[in-house]
Amino acid sequence: MPSKNVQASKIRTYKFWLLALWLLIVAISFGINDYQINENALSEAHLTANVHYQKDLLYRKWSSVRGGVYAPVDSNTQPNPYLNYIQNRDVEINGKPFTLVNPAYMTRQVYELAKQSGIISSRLLSDRALNPQNQAIGWELSSIKELKNGVDHRDTLVEIDGNPHLKVLRPFFTEKSCLKCHQHQGYKEGDLRGAILISVPMKDINERYAAQETKMILALSGIFLLGFILIYTGGSKIEKDFIKIATAEKSLTESEQKIQTYVKNAPNLILLIDEKGIIQFTNRTDDGSDPNNRIGKSVTEFITKEVGDSFVNALANPDEIDFNKLYEYQSNKDNNTIWYENRIAPIRSGGKITGFIIIASDITERKLLDDKLKNSLAEKEVLLKEVHHRVKNNLQIITSLLNLQSALIKDDKMVEVFKDSQNRIKSMALIHELMYQSGNFSHIDTKHYLSHLVSYLYRSYCADGERIKIVYDIEEVSLGMDIMIPCGIIVTELVTNSLKYGFPDNRDGELKISLHVLDSNRISLVVADNGIGVTDSQAFTSKKTLGLQLVETLTGQLDGELSHQNSKEGLSFRIVFRKG
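Every chain begins its residue count from 1, and numbering advances along the sequence as written. In view of the model being predicted, local features appear only for residues whose pLDDT reaches at least 70, and side-chain atom pairs are presented and counted only at 80 or more, with totals across whole chains, interfaces and linings using the full set of residues. Computation of side-chain values: all heavy atoms of the structure, hydrogens and water removed.

A. A look at the overall build of the chain. Helix and strand labels come from DSSP, where a helix needs a run of H or I of at least four residues and a strand needs a run of E of at least two; each type is numbered from the N terminus. Along the chain, the regular secondary structure elements total 13 helices and 19 strands. Burial here depends on accessible area, computed with a 1.4 Å probe over protein chains only, as a share of the maximum for the residue type. Under 20% is buried, over 50% is exposed, and the range in between is partly exposed. In the chain, buried positions account for 35% of the 580 residues.

B. How the structure looks around the packing of helix H10 (residues 446-461) against helix H11 (residues 481-501). Axis definition: a line fitted to C-alpha atoms, over the contacting stretch in the case of helices. Angles run 0 to 180 degrees between N-to-C directions. Between H10 and H11, whose axes approach to 10 Å, the crossing angle comes to 35 degrees. For the pair H10 and H11, the crossing hand works out as right-handed. Taking contact as the criterion, the partners of Thr-446, Tyr-449, Leu-450, Leu-453, Val-454, Leu-457, Tyr-458 and Tyr-461 in H10 are, on H11, Met-484, Gly-488, Val-491, Thr-492, Val-495, Thr-496, Leu-499 and Lys-500. Along the lines of polarity and charge, the residues of the contact of H10 with H11 split into 11 nonpolar, four polar and one charged. The hand of a helix crossing depends on one turn: near helix anticlockwise from the far one by less than a right angle means left-handed, and clockwise means right-handed. The contact rule is simple, with two residues in contact once any of their heavy atoms fall within 4.5 Å. Gly is put with the polar residues, along with every residue not named as nonpolar or charged; the nonpolar set is Ala, Val, Leu, Ile, Met, Phe, Trp, Tyr, Cys and Pro, and the charged set is Asp, Glu, Lys and Arg.

C. The arrangement of the environment of Ile-532 in detail. Along the polypeptide, Ile-532 turns up in the loop between strand S17 (522-529) and helix H12 (537-542). Once residues within four sequence positions are removed from consideration, Ile-532 is found in contact with Tyr-501, Gly-502, Pro-504 and Arg-507.

D. Highlighting the packing of aromatic side chains. Two aromatic rings, drawn from Phe, Tyr or Trp (for Trp, its six-membered ring), form a pair once their centres lie within 6.5 Å of each other, and the interplanar angle then sorts them: stacked below 30 degrees, edge-to-face above 60, tilted otherwise. Enumeration according to the criterion identifies three aromatic pairs in this entry. Both rings, one in Phe-228 and one in Tyr-232, keep their centres 6.0 Å apart while their planes meet at 5 degrees; by these two values the pair is stacked. Of this pair, Phe-228 and Tyr-232 both sit in helix H5 (residues 203-243), separated by four residues, roughly a single helical turn. Looking at Phe-228, the relative accessible area reads 32%, which means it is partly exposed. By the ring-pair criterion, three or more aromatic residues cluster together here, those being Phe-224, Phe-228 and Tyr-232. Charge-over-ring contacts are defined here by two conditions on Lys NZ or Arg CZ: a distance within 6 Å of the ring centre and an angle within 35 degrees of the ring normal. When the ring centre of Tyr-53 is taken as reference, the NZ or CZ atom of Arg-170 above it lies at 5.5 Å.

E. The pattern of salt bridges, seen in detail. Salt bridges, as used here, are contacts in which a Lys or Arg side-chain nitrogen is within 4 Å of a carboxyl oxygen on Asp or Glu. For the structure shown, the criterion picks out seven salt bridges. Residues Arg-154 and Glu-146 are paired through a salt bridge, measuring 3.4 Å at the closest nitrogen-oxygen approach.

F. Inspection of a negative patch on the surface at higher detail. To count toward a patch, a residue needs a relative accessible area above 30% and no salt bridge. Like charges then connect within 9 Å, nonpolar side chains (Val, Leu, Ile, Met, Phe, Trp, Tyr) within 5 Å. All accessible-area figures derive from a Shrake-Rupley calculation using a 1.4 Å probe, and residue coverage is judged against the displayed protein chains alone. Neither His nor the chain ends is counted toward charge; the positive residues are Lys and Arg and the negative residues Asp and Glu. Charge positions come from single atoms, namely NZ of Lys, CZ of Arg, CG of Asp or CD of Glu. Residues Asp-445, Asp-473, Glu-475 and Glu-476 make up a contiguous surface patch of negative charge. Relative to the helices and strands, Asp-473 is located in strand S14 (residues 468-474).

G. Spotlight on the sheet that holds strand S5 (residues 154-160). Strand pairing requires that DSSP identify at least two bridges connecting the strands. With antiparallel pairing, the four strands of this open sheet are ordered in space as S4-S7-S6-S5. Strand pairing shows two members of the sheet lacking a second neighbour, strand S4 (121-125) and S5, which therefore form its edges. Within this sheet the neighbouring strands show an average axis-to-axis angle of 25 degrees, counted without direction. Where helix H3 (residues 138-148) meets the sheet, its contacts fall on S4, S5, strand S6 (163-173) and strand S7 (192-201), and the angle it forms with S6 comes to roughly 40 degrees.

H. Main features of the pairing of S7. Most of S7 is tucked away, with nine of its 10 residues classed as buried. Inspection of the sheet shows S4 paired to S7 by five bridges, in the antiparallel sense. Pairing of Leu-124 across the sheet is with Ile-196, part of S7. Two elements, S6 and S7, share nine bridges in a ladder whose sense is antiparallel. Looking at the pairing, Lys-167 lines up with Ser-199 of S7.

I. Structural detail: the nonpolar core. Buried residues of nine kinds, namely Ala, Val, Leu, Ile, Met, Phe, Trp, Tyr and Cys, make up a nonpolar core once their side-chain atoms join them within 4.5 Å. Counting residues in each nonpolar core, the largest one holds 37 residues, and the members touching the most others are Ile-490, Val-495, Leu-499 and Phe-577. Elements with a contribution of two residues or more to this core: H10, S14, H11, strand S16 (509-517), S17, helix H13 (546-557) and strand S19 (570-578). At nine residues, H11 tops the list of elements feeding residues into this core. Filtering out sequence-adjacent residues up to four positions away, Leu-499 remains in contact with Leu-457, Tyr-458, Tyr-461, Cys-462, Ile-468 and Leu-511.

J. Representation of H11 in the model. One fewer than the residue count of a helix, multiplied by 1.5 Å, yields its expected span. Taking 1.5 Å of rise per residue, 21 residues should cover 30 Å, and H11 covers 30 Å from first to last C-alpha, within 8% of that figure. A large share of H11 lies buried, amounting to 15 of its 21 residues.

K. How the structure looks around unusual backbone geometry. For Asn-506, which is not glycine, the phi dihedral falls at a positive 55 degrees. Its location among the elements puts Asn-506 in the loop between H11 and S16. Residue Asn-506 is classed as exposed on the basis of its relative accessible area of 63%. The backbone of Asp-559 sits at a positive phi, close to 55 degrees, despite the residue not being glycine.

L. Region of the structure containing the sheet that holds strand S1 (residues 69-72). Reading across from one edge, S1-S3-S2 is the order of the three strands in this open sheet, with antiparallel pairing throughout. Across the chains shown, the open sheet's two edge strands, defined by having one partner strand only, are S1 and strand S2 (90-93). Neighbour to neighbour, the strand axes of the sheet diverge by 40 degrees on average, direction disregarded.

M. Looking closely at the side chain of Arg-170. With respect to the helices and strands, the residue Arg-170 is situated in strand S6. With no salt bridge to any partner, buried Arg-170 finds its closest opposite charge in Asp-152, at an N-O distance of 4.8 Å. Setting aside chain neighbours within four positions, we find Arg-170 in contact with Asn-50, Tyr-53, Leu-147, Asp-152, His-153, Gly-194, Ala-195 and Ile-196.

N. Highlighting a nonpolar patch on the surface. Side chains of Leu-18, Leu-21, Leu-24, Ile-25, Ile-28 and Ile-32 sit close together on the surface and give an oily, nonpolar patch of about 570 Å² of accessible area. Within the element layout of this structure, Ile-32 appears in helix H1 (residues 2-65).

O. Fine view of the packing of H11 against H13. Between H11 and H13, whose axes approach to 9 Å, the crossing angle comes to 155 degrees. The angle between the axes of H11 and H13 places the two elements in the roughly antiparallel class. Crossing hand, H11 versus H13: left-handed. Along its contact with H11, which presents Pro-486, Ile-489, Ile-490, Glu-493 and Leu-494, the element H13 presents Gly-547, Leu-550, Val-551, Leu-554, Thr-555 and Gln-557. When its residues are assigned to classes, the contact of H11 with H13 shows seven nonpolar, three polar and one charged. Roughly parallel covers angles under 35 degrees, roughly antiparallel covers those over 145, roughly perpendicular covers 65 to 115, and oblique covers all other angles.

Geometric values such as these leave the question of function open.
Printed below as a string of structure tokens:
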């Protein structure tokens, strides 16, 4: 007896340390998950800031490439006093005053509109600002100095009006077109002009991730509680096994009575049947009748015929029954359908199956919830399909407006510019059209899309349908819309360039579009023709057209590499990019 008590004391000690270890494991898991959730929230905010930063750079680039734009003078747009040294800063058009709006002026007005709308706000900053409103101070000034030393961005968390915000500072550099307004400050092409400060509200982001954190806490609490119960009850059982003196003598009848009491009061429906499906015992019925009235009857009398027939076939071949599988059947009660989920376990005697135990759980509520979820999913798919349809329609409206406007233009070059813009929009509209038609809202069949796009471009630029042969060598692969939109615009630019300039004087030729998967994460896109090529390859690469600039910019957006080959056999472009 004393040795048993000593062993029980050791077990209690082991149980204590095991519980402490389990608590430590759950605590570490909580810390790791909490850290990851916070990092995910910051990553989402950084991604949002980067999207706005790239958008702002495109705004500035668009305006700076055009040397600024002229806007009517009104209460919101006054002549910029910091541009009074610019010749023709103020002009009159049709008797109305217009003033030059340079990229910084335009961007600042856009930022003011964004601030009034209550969305993500931005600011232009510089350590040598023309406009004092753009002068960096404090953290902003020190951060710009770090950007000059090669740091790609700086960020900090602050509170604005009592709400947390992530401030991200990213650089912008002096381009050749910027020197019109800033050369007198001593800037050269490639110099750091300043920075763009994006303030991302963290309230909504934090609330979303706080919900994840709450779920994580509840899950870890449940895991800890389950482990605690298992460790404690398991340790207690072992402890009792060592300290118990003798098991109480119980008769077989008493044991059977206790088992029957447990079975009758169990929350699930329990059936004992023989190998022919005849009920030997049931603890309850689904319609509330006396369970004894079902003893001796076939279980198939109380389920649907379809399920009953399959059940009989399964009982006739018990060796083929998957006892790990859950079987469902439905029953009717008060004209209402009740769904049950069954688990079947065999009863063996001498190695032979002599009967089965069936435990049925009422899953009616789960079935109803599944139906609601399916209906909700169907509604969301319809809504998403409608979104793609409306986006496609809006892009087609824009294309039609450009077409109407181009009809009023007498300059052939301007008409070509409008036509190129229409085709770029068409490349995006076609993606939404194919998504709408296919019902797949996450990926696009590249072969189907590119063949449709190139066919449209061919009809747009070539009146003679037999002169240029189009060859497709496109591997069947599905890509997301974020990859296919820039890819489609790239193909539009390269195919348009080939059709317009590669085959002058009604020359015959061949245009080939190839797309192949190189490995698990890289794709090769080639647009090649056997036209006249480029006579001066060096001038071609140094004097870039808008189309070629678009191709290079979008290739960078795809994290890809662009190369070209020019020869007497024609011109070929190759882009290698990642799947995503």
